[in-house]
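Summary of structural features
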Amino acid sequence: MNGSVAYLVTALGCLIGVAGVVIAVVALRRARSRPRPPAPADPFRDRDSDALRGDPRKLRPGDIVEIRQVPCTVRGSVHLVEGGWSWAEHLLDDAGGVKRWLSVETDPDLELVLWTAEPSATVTPGAPTLDIAGRRYTWDESGQARYTATDGTGLDPRGTMRYHDYQAPGGARLSFEAYGEAGWEVALGEKLHRAEVMIYPQGGPEQVA
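Residues numbered from 1 in each chain as written. Predicted model: local features only at pLDDT ≥ 70, side-chain atom pairs only at ≥ 80, totals over all residues. Heavy atoms only, no water.

Here's the deal with the layout of surface pockets
In this structure, the largest pocket occupies an estimated 610 Å³ of space. Around the largest pocket, the lining is made up of 31 residues, and of these E89, W115, D165, S175 and E177 lie nearest the centre. Elements that contribute at least two residues to the lining of the largest pocket include exactly β3 (85-94), β4 (99-106), β5 (110-117), β7 (135-149), β8 (158-167), β9 (172-179) and β10 (185-192). (1 Å grid on protein atoms, 1.4 Å probe; cavity = no way out; pocket = protein on both sides within 12 Å on 5 of 7 lines; lining within 4 Å. Points joined across faces, edges and corners; volume = space filled by probe spheres on them. Helix = DSSP H or I, 4+ residues; strand = E, 2+ residues; numbered from the N terminus.)

As structure tokens, this is what we get:
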């Protein structure tokens, strides 16, 4: 009799243990299947400007960008990633055929810079300060990023880009970029106010290789 009782107690204990494991497994699966909460939104983001003037973070090839009342078409886009930092550069084409780049960066505030290529520049990066076009620029940062590019930019679909960035008082910028094995490309930039940029989305899907 005592042996039977001991057997029943042992069997019951095993059943309770198995049930506990099953319950734990089910609970874990349910927890994993629950959707993750969205990342917290930037509480200081100017959503009114995004609603009224368009969101530069969502620019796509084919969109119309009006900068200081001059309309341009987004001809192509480059998206760059360096560690946990990412930004975009959009090739613009206006009615006169002038090509410029608009860089869009959030670090953490939205920063818009309009770039114009300087193909005749003879300066090279690396020095603490550089003089060009009557301004003195001071080194700000340099590095290497991975990129993906759309058609229309003239770049390979994927690759790496090296850069050196300089700044001058008043928001003027000087940038050196080298895509892949190509040489340095020099561009001068000017920081834009949010109110100077109006976006008219055209609704076409962005094709990034």
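Let's talk about the packing of aromatic side chains
Applying the stated criterion across every chain, the model contains 4 aromatic pairs. Taking 5.9 Å as the distance between ring centres and 75° as the angle between the ring planes, the aromatic pair formed by W87 and Y163 counts as edge-to-face. One end of the pair, W87, is in strand β3; the other, Y163, is in strand β8, with 76 residues separating them in the sequence. With a centroid separation of 5.1 Å and an interplanar angle of 85°, the aromatic rings of Y147 and Y179 are classed as edge-to-face. (Phe/Tyr/Trp six-rings, centres within 6.5 Å; stacked < 30°, edge-to-face > 60°.)

Quick word on the environment of T153
Along the polypeptide, T153 turns up in the loop between β7 and β8. The class of T153 is buried, set by a relative accessible area of 11%. It is 7.1 Å that separates the C-alpha atoms of T153 and R75, two residues lying 78 residues apart in sequence. Setting aside its immediate chain neighbours within four residues, T153 contacts G76, S77, V78, L91 and W101. (Buried < 20%, exposed > 50% of the residue type's maximum accessible area, 1.4 Å probe, protein only. Contact = heavy atoms within 4.5 Å.)

Here's the deal with the side chain of T150
When you line up the elements, T150 lands in the loop between β7 and β8. In this structure T150 comes out as buried when scored by relative accessible area, which is 4%. There is a polar contact of 2.8 Å between the side chain of T150 and the backbone nitrogen of S77. (Polar contact = N/O pair within 3.5 Å; in protein donor to acceptor, adjacent residues only side chain to side chain.)

Here's the deal with the confidence of the model for the protein chain
Scored by pLDDT, the protein chain has a mean of 81; 73% of the residues are at 70 or more. Overall, residues 21-41 carries pLDDT values under 50, and its contacts beyond four positions in sequence, including any with other chains, amount to 1 contact. This model gives residues 205-209 a pLDDT under 50, and the stretch forms 15 contacts once residues within four places in sequence are excluded. (pLDDT = per-residue confidence, 0-100.)

Considerations on unusual backbone geometry
One non-glycine residue, Q69, lies in positive phi territory at about 70°. Counting through the fold element by element, Q69 comes out in the loop between β1 (64-67) and β2 (70-82). Judged by its relative accessible area of 71%, Q69 falls in the exposed class. The phi dihedral of A133 falls on the positive side, at around 55°, and the residue is not glycine.

Looking at the nonpolar core
If you look at the biggest cluster of nonpolar residues, it comprises 13 residues, and the most contacted ones within it are V65, L92, L102 and L192. Sorting the residues of this core by element identifies β1, β2, β4, β5 and β11 (197-200) as the ones contributing at least two each. (Core = buried A, V, L, I, M, F, W, Y, C linked by side-chain atoms within 4.5 Å.)

Describing the pairing of β9
For β9, a buried count of 8 out of 8 residues is recorded, marking the element as mostly surrounded by other parts of the structure. Burial along β9 is two-sided: A172, L174, F176 and A178 and R173, S175, E177 and Y179, pointing in opposite directions, are all buried. Pairing of β8 with β9 involves 7 bridges; the strand directions are antiparallel. When the sheet's bridge partners are listed, D165 is paired in β9 with S175. Where β9 lies against β10, 6 bridges are found, and the strand directions are antiparallel. (Pairing = 2+ DSSP bridges.)

Thoughts on the side chain of S103
Positionally, S103 belongs in strand β4. Overall, S103 belongs to the buried group, its relative accessible area being 9%. In terms of polar contacts, S103 uses its side chain to reach the side chain of W115, at 3.0 Å. S103 has contacts with A88, E89, E111, L112, V113 and W115, leaving out every residue within four places of it along the chain.

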